[in-house]
Amino acid sequence: MNAFQRWNNLSIRFKFFSVFLAVVLLAGGGMLVLNNQLLSVVHDNDKVINQSVPNLTTQLQVKSTIMERINYVMLYITTGREEFREKFEEASARAREIEENLRDSALPQEQEGIERFIIHSEDWELILRNEVIPVYQRNNPKDALETLNSKAQPLAIRLMNEVEILSQRKIQEIGSDNQKMLNNAWSSVRVGYIVIGVTLLLALLFSYYMSRSITNPILSLLHGVRRMTQGDFTTQVEVTNQDEWGELSKAFNRMSLSIAGLVEELRQANVRLQEESRRAKEATRLKSEFLANMSHELRTPLTGIIGFAELLYEDPENRLSPAQKNFTHNIVRAGEHLLSMINDILDLSKIEAGKYELEVTRFDMVQVIRSTLVMLQAKAEQRGISLVLETECSVLQVTADKTKIRQVLLNLLGNAIKFSTVQSTVRVTLKQDGHTVTVRVEDQGIGIEAEKQEKIFEQFYQNDGSLDRKYEGTGLGLALSKQLIELHGGNIEVKSELGRGSVFSFHLPLWVEKISTHSTYAITGEVQPLLIFYTADFSEHFPDFSKIIQKEDLPFLAFMIESKQEAIEMMEKYPDNNILVVAQSFHTGYVEILEGIREHTHRKIFAYIERPLRFVERGQVMRVADYILPSSQNVSAVFSRIR
């Protein structure tokens, strides 16, 4: 294993820390070099400011004192005023002090020139003191002036030239120091740029390396995930390193194998479930056919038995004894009870077989409830139970199957009377809320346990199922009532508390009509057309597809949708319509369109894909859509579900 491979196998945290530490050390070393350069610049600047500049200033002051002294002497010998001689003495003293400062601040290479200058300056000043001023004081101004002009003044000019030479040298030295300082400054700037450039280059190289070392495994995992979403659960990703990404890739490969095993198990289980479902449907169909046939076969002789028993009970010639007449009456009551059970079983069988049809008419719900209460008045009075109707409606017109609504009321009120305590009240409440009618039947009876409230609507289920139960019944009334209400597009519910009574409520739409032969009914106050969204790959097939819909007399609006956003915009225009989304084949954009529609509507969503779906694809569609329609060969047979 080479060094690069060993480096790749290190943990990401260690690689980050190592490279970061290297960059920090490099930047720190560069800053140290840069600081040294800056210190050198500061040192040169200090030399110029603290040494060269004061020395140059002193030299200029020496030049100034030479001119002052010769001027004061000239003024003295021309005017004779003593104050000019005194100023000469003061200037001489100041000149000696300046010369001493110049000697002290001189650099080693300047010492010889300055010493020579000071000697010449002293000689020149001796001429002024010994040959010019004394001569004038002896009343000989002409000779004093001649000596000043011929000897002292040329020497003064030579001294000033020497000072000028020293000043020029100092200026050149200062210029040299400045240039050196500038060069050092530029060197510092270049070093800083180099340090910054190298640091940035290392940072970029490290960023590029880390981005590749991070993004390559991510892209590999993403490719594996995409292949899994397409149904390839055996996909594996390459494991190149042994760091955290390598461990994640290994975990993904293990997960892929586990999912592949689970999918295979699910496939086998789905096959078994499909077979069991087929058998269950076949058994249900055979049961429904058997019950329907048996109900027809039983009703014919039972009707004859009841009829003959009624003839015997009437006994116009009084041939029966009182006991025989009582027996005959019992035969009639038992036969009618048995016929009622057979009718209920027949109705339930028809509903399950999808062959039950409602006879829809328009009637007054208030009048139906009142007539039903009158029918049960005698039964209620036997137990001292009061029947009460509460409603704010004097008349409430409803479009539904009047006979079946009355049958539901008889079942609910009969149960309320049967399970109520003596001297209690059964209360019926009727109200309208928008396009919905609600009927509540409230009793003060024994109540129902919470865990049994969902089961009481099952066929043949009874709250008290023991052989010695107190209350009679077959357990078909509530099951049939639930089916009948749902056929009308409504629903039924119960709220109960044990020992305090129960409240059964059913909700009906104001307008109900039959819309299919499969026992499906809906509100038709204003029929909303079906929205059909089809993708671009289905555009060639949509004309034939639309003909199938038109044969069903189903109103629809069709739009070609190319994106999720277009689907959402159309949903905002038609918020209350059911939606059918059609495509030629499964693709991710199709699922995104379904998800966008689901986020913006509470209506039903139907999915139709021409080509057969795989197991995983079907799962993704079912996660969003309410129904998946079969292929086009059977579309006509299932459009009733869309309605």
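Residues numbered from 1 in each chain as written. Predicted model: local features only at pLDDT ≥ 70, side-chain atom pairs only at ≥ 80, totals over all residues. Heavy atoms only, no water.

- Named according to an unreviewed UniProt entry, the protein chain is histidine kinase originating from Aneurinibacillus danicus.
- Per UniProt, the protein chain carries the Catalytic activity (unreviewed entry) text "ATP + protein L-histidine = ADP + protein N-phospho-L-histidine." (UniProt positions renumbered as here; feature names shortened; annotations may be inferred.)

### Overview of the overall build of the protein chain
Okay, step 1: A tally of helices and strands in the protein chain yields 15 helices and 14 strands.
Okay, step 2: Taking all 643 residues of the protein chain together, 38% fall into the buried category.
Okay, step 3: In the protein chain, the proportion of contacts linking residues at least 24 apart, taken out of those at least 6 apart, comes to 72%.
Okay, step 4: Summed over all atoms, the accessible surface of the protein chain reaches about 37000 Å², with 55% contributed by carbon and sulfur. (Helix = DSSP H or I, 4+ residues; strand = E, 2+ residues; numbered from the N terminus. Buried < 20%, exposed > 50% of the residue type's maximum accessible area, 1.4 Å probe, protein only. Contact = heavy atoms within 4.5 Å. Areas by Shrake-Rupley, 256 points an atom, 1.4 Å probe, with all protein chains shown as cover.)

### Some words on the sheet that holds strand β10 (residues 530-534)
Okay, step 1: The five strands are arranged β11-β10-β12-β13-β14 in an open sheet whose pairing can be described as parallel. At either end of the open sheet lies a strand with only one pairing partner, and these are β11 (556-560) and β14 (627-629). Going from strand to strand, the sheet's axes swing by 20 degrees on average, the running direction of each strand aside.
Okay, step 2: Bridge count for strand β13 (residues 605-609) against β14 is three bridges, and the pairing is parallel. Counted as the bridge partner of A607 is I628 from β14.
Okay, step 3: Running at roughly 165 degrees to β11, helix α11 (residues 542-551) makes contact with β10, β11, β12 (579-583) and β13 of the sheet.
Okay, step 4: With respect to the sheet, helix α12 (residues 564-573) is in contact with β10, β11 and β12, its orientation differing from that of β10 by roughly 165 degrees. (Pairing = 2+ DSSP bridges. Axes fitted to C-alpha atoms, helices over the stretch in contact; angles between N-to-C directions.)

### Section: a nonpolar patch on the surface
Okay, step 1: A cluster of nonpolar side chains, contributed by L26, I194, V198, L201, L202 and L205, occupies part of the molecular surface with about 490 Å² of accessible area.
Okay, step 2: Sort the elements by how many residues they give to the nonpolar patch and helix α5 (residues 141-229) lands first, with five residues.
Okay, step 3: The topology assignment puts L202 in helix α5.
Okay, step 4: Given the relative accessible area of 33%, L202 is considered partly exposed. (Patch = residues over 30% accessible without salt bridge, like charges linked within 9 Å, V, L, I, M, F, W, Y side chains within 5 Å. Salt bridge = Lys/Arg side-chain N within 4 Å of Asp/Glu carboxyl O.)

### Looking at helix α3 (residues 82-105)
Okay, step 1: The terminal C-alpha atoms of α3, which comprises 24 residues, lie 35 Å apart, in line with the 34 Å expected from a rise of 1.5 Å per residue.
Okay, step 2: Turning to α3, its buried residues are F84, F88, A91, S92, A95, I98, E99, L102 and R103. (Expected span 1.5 Å × (residues − 1).)

### Here we look at the packing of aromatic side chains
Okay, step 1: This model, assessed by the stated rule, comprises seven aromatic pairs.
Okay, step 2: A centroid spacing of 5.5 Å and a plane angle of 85 degrees characterise the contact between F538 and F545, whose relative ring orientation is edge-to-face.
Okay, step 3: With relative accessibility at 1%, the residue F538 sits in the buried group.
Okay, step 4: Its relative accessible area of 3% is what places F545 among the buried residues.
Okay, step 5: Aromatic rings pair up to connect Y534, F538, F542, F545 and Y608 into one cluster. (Phe/Tyr/Trp six-rings, centres within 6.5 Å; stacked < 30°, edge-to-face > 60°.)

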